[in-house]
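# Examining the three-dimensional arrangement
If you want the building blocks of each chain, they are given just below.
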Amino acid sequence: VDLSTKVAGLSLPNLLFNASGVCCQTEADLKLMIESESGSLITKSATYEYREGNPSPRYLPLPSGLGSINSMGLPNEGYEYYLNFAKNYDYSSKKPLFISLSGLSLADNVKMCEAFVAADLPCVLEVNFSCPNVPGKPQLGYDMEAMENALNVLAPLIKKPFGVKLPPYFDIAHFDTAAAIFNKFDNLVYVTCINSVGNGLAIDFETESALIKPKDGFGGLGGLMVLNTALANVNAFYRRLPTKQVIGVGGVTSGKEVFLHVLAGASAVQIGTTLKEEGPTVFARINKELTDIMIAKGYKSLDEFRGKVKTL
Ligand SMILES: C=Cc1c(C(=O)O)[nH]c(=O)[nH]c1=O
């Protein structure tokens, strides 16, 4: 079976890669991604300056085994680190490189995009509108007017095909409004759904304490428990963005959830919590599981079932 796919005009040998933020902050992390069986890789969202991020504990898998909670606080090496990585990347390799940018202001996003545009590299830029963990910084993804204003500035500046990372939406009117905005920008060629489900609270029964330190224990939720919200967001935007693609992320623990993301409309699928907990060998495991599922169901390529979820 053929697990290859195309995103933003680039060919991925298989549809799997890391969720931004996991296994991608340092060159050592990114090297592990390059050496893994992933089909691509994306960097940790970059800010203009280096950031330490929030105090630890700031990430934990949940005792239930159903997911994770994180309030990392955008720790990253600063955008020039990732620009340098992108300048030195081997673009003759079979894995395309995606770069995530999450400026703390539109001005910072402009400065970072200008630097990447000036470098004129084959990597794909992704603007993150959905970091839920920077105290005092509301998510742009939940401010439709601000998101449109940002795209009015960034889309013409980036010029080449680019993507955006979105928070989960929960109201049909929000899918409609957000999609109407995205359809105004021809070079916005894909959306990545979903970022973590913002500001959950994990409490330990024995200690009667929040699990993580930042923000009184409030943090983004990931893992199996967000699968059905992720599938809904993938399918909602797949239906509303006929000329664009959707990258699915959220709840992938096995080939089965990858299959469901593709059925919902995903062109590629990212792994976060399960990659964090299992390590980069997860890509070989899940590629094999998806292959076995496709053989069992008689599918030879992803195109045969992408977006083909049935309704009753
Ligand atoms: C970029 C910051 C993000 C973070 C973070 O660095 O806290 N966590 C997430 O779950 N999603 C994000 O987008």
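Relevant structure appears above.
Further remarks concern the overall build of the protein chain. Across its full length, the protein chain holds nine helices and 16 strands. In terms of overall dimensions, the protein chain is globule-like: its C-alpha atoms have a radius of gyration of 18 Å, near the 20 Å expected for 312 residues. Expressed along its principal axes, the backbone C-alpha trace of the protein chain runs to roughly 55 × 50 × 40 Å. Buried residues in the protein chain amount to 56% of all 312 residues. Considering only intrachain contacts with a sequence separation of at least 6, the fraction spanning at least 24 residues in the protein chain is 73%. When the 28 positive and 31 negative side-chain charges of the protein chain are each reduced to one mean point, those points stand 5 Å apart.

Time to look at the site of the ligand. Neighbouring residues of the ligand: 15 residues in total, closest K44, N70, C131, N195 and S196. Residue N70 places a side-chain N or O atom 2.8 Å away from an oxygen atom belonging to the ligand. A distance of 3.1 Å is found between an oxygen atom of the ligand and a backbone nitrogen or oxygen belonging to M72. Considered on its own, the ligand offers 320 Å² of accessible surface; in the complex 92% of this is hidden by protein. Classifying every residue of the shell around the ligand gives five nonpolar, nine polar and one charged.

This paragraph deals with the environment of P122. With respect to the secondary-structure elements, P122 resides in the loop between α3 (106-119) and β8 (124-128). On the basis of relative accessible area, P122 is assigned to the partly exposed category, the value being 44%. For the pair formed by P122 and L101, sequence separation is 21 residues and the distance between their alpha carbons is 16 Å. Non-local contacts of P122, meaning those with residues more than four positions away in its chain, are made with L10, Y91 and K160.

The next point concerns unusual backbone geometry. The peptide bond linking S56 to P57 adopts the cis configuration, its omega dihedral lying at -5°. Tracing the backbone shows P57 in the loop between β4 (41-42) and β5 (59-61). Cis geometry marks the peptide bond from C193 to I194, where omega comes out at 5°. With respect to the secondary-structure elements, I194 resides in the loop between β10 (188-193) and β11 (197-201). Not every positive phi belongs to a glycine, and K159 is a case in point at roughly 65°. Residue position: K159 is located in the loop between α4 (144-158) and β9 (162-166). For K215, which is not glycine, the phi torsion reads 55° and is therefore positive. By the element assignment, K215 lies in the loop between β13 (209-210) and β14 (218-222).

This part is about the sheet that holds β10. Spatial ordering of the open sheet is given by β3-β16-β15-β10-β9-β8-β7-β4, a layout of eight strands whose pairing is parallel. Two strands close off the open sheet at either side, each with one partner strand: β3 (16-18) and β4. One ladder, built from two bridges, connects β4 with strand β7 (residues 97-101); its direction is parallel. Bridge pairing in β7 places L41 opposite L97.

Moving on: the packing of helix α5 (residues 172-182) against helix α6 (residues 227-240). At their nearest, the axes of α5 and α6 sit 10 Å apart, and the two run at 50° to each other. The orientation of α5 with respect to α6, classified from their angle, is oblique. By crossing handedness, the relation of α5 to α6 is classed as right-handed. Contact residues: α5 offers I172, F175, D176, A178, A179 and F182, while α6 offers A232, N233, A236, F237 and R240. Taken together, the residues that form the contact of α5 with α6 break down as eight nonpolar, one polar and two charged.

Our next topic: the packing of aromatic side chains. Note on aromatic pairs: each is described by the distance of the centres and the angle between the planes. The full count for this structure, using the stated rule, is 14 aromatic pairs. For the pair Y169 and F175, a centre-to-centre distance of 6.4 Å together with 80° between the ring planes defines the contact as edge-to-face. The class of F175 is buried, set by a relative accessible area of 6%. Judged by centre distance (5.9 Å) and plane angle (50°), the ring pair of F182 and F237 falls under tilted.

With that settled, the discussion passes to the side chain of Q270. Tracing the backbone through its elements, the reader meets Q270 in strand β16 (residues 266-271). When near neighbours in sequence (up to four residues on either side) are disregarded, Q270 contacts F17, N18, A19, S20, I42, T192, I247, G248, V249, G250 and V252.

All right, on to α4 then. Given 3.6 residues to a turn, an α-helix orients residues that are three or four positions apart in the same direction. Between its first and last C-alpha atoms α4 spans 20 Å; for 15 residues at 1.5 Å apiece the expected length is 21 Å, and the two agree. Bending of α4 peaks at approximately 25° at the position of L151. Among all positions in α4, only M144, M147, A150, L151, L154, A155, L157 and I158 are buried. Tucked into the core, α4 has its buried residues touching α3, β8, β9, α5 and β10. One or two steps after α4, the chain reaches K159, where phi turns positive at roughly 65°.

Rules and cut-offs
- Residues numbered from 1 in each chain as written.
- Predicted model: local features only at pLDDT ≥ 70, side-chain atom pairs only at ≥ 80, totals over all residues.
- Heavy atoms only, no water.
- Helix = DSSP H or I, 4+ residues; strand = E, 2+ residues; numbered from the N terminus.
- Rg over C-alpha atoms; globule rule 2.2 N^0.38 Å.
- Buried < 20%, exposed > 50% of the residue type's maximum accessible area, 1.4 Å probe, protein only.
- Contact = heavy atoms within 4.5 Å.
- Lys, Arg positive; Asp, Glu negative; His and termini not counted.
- Charge placed at Lys NZ, Arg CZ, Asp CG, Glu CD.
- Near = heavy atom within 4 Å.
- Polar contact = N/O pair within 3.5 Å; in protein donor to acceptor, adjacent residues only side chain to side chain.
- Areas by Shrake-Rupley, 256 points an atom, 1.4 Å probe, with all protein chains shown as cover.
- Nonpolar A, V, L, I, M, F, W, Y, C, P; charged D, E, K, R; others polar.
- Pairing = 2+ DSSP bridges.
- Axes fitted to C-alpha atoms, helices over the stretch in contact; angles between N-to-C directions.
- Parallel < 35°, antiparallel > 145°, perpendicular 65-115°, else oblique.
- Left-handed = near helix turned anticlockwise from the far one by under 90°.
- Phe/Tyr/Trp six-rings, centres within 6.5 Å; stacked < 30°, edge-to-face > 60°.
- Expected span 1.5 Å × (residues − 1).
- Bend = angle between axes of the 7 residues up to and from the residue.

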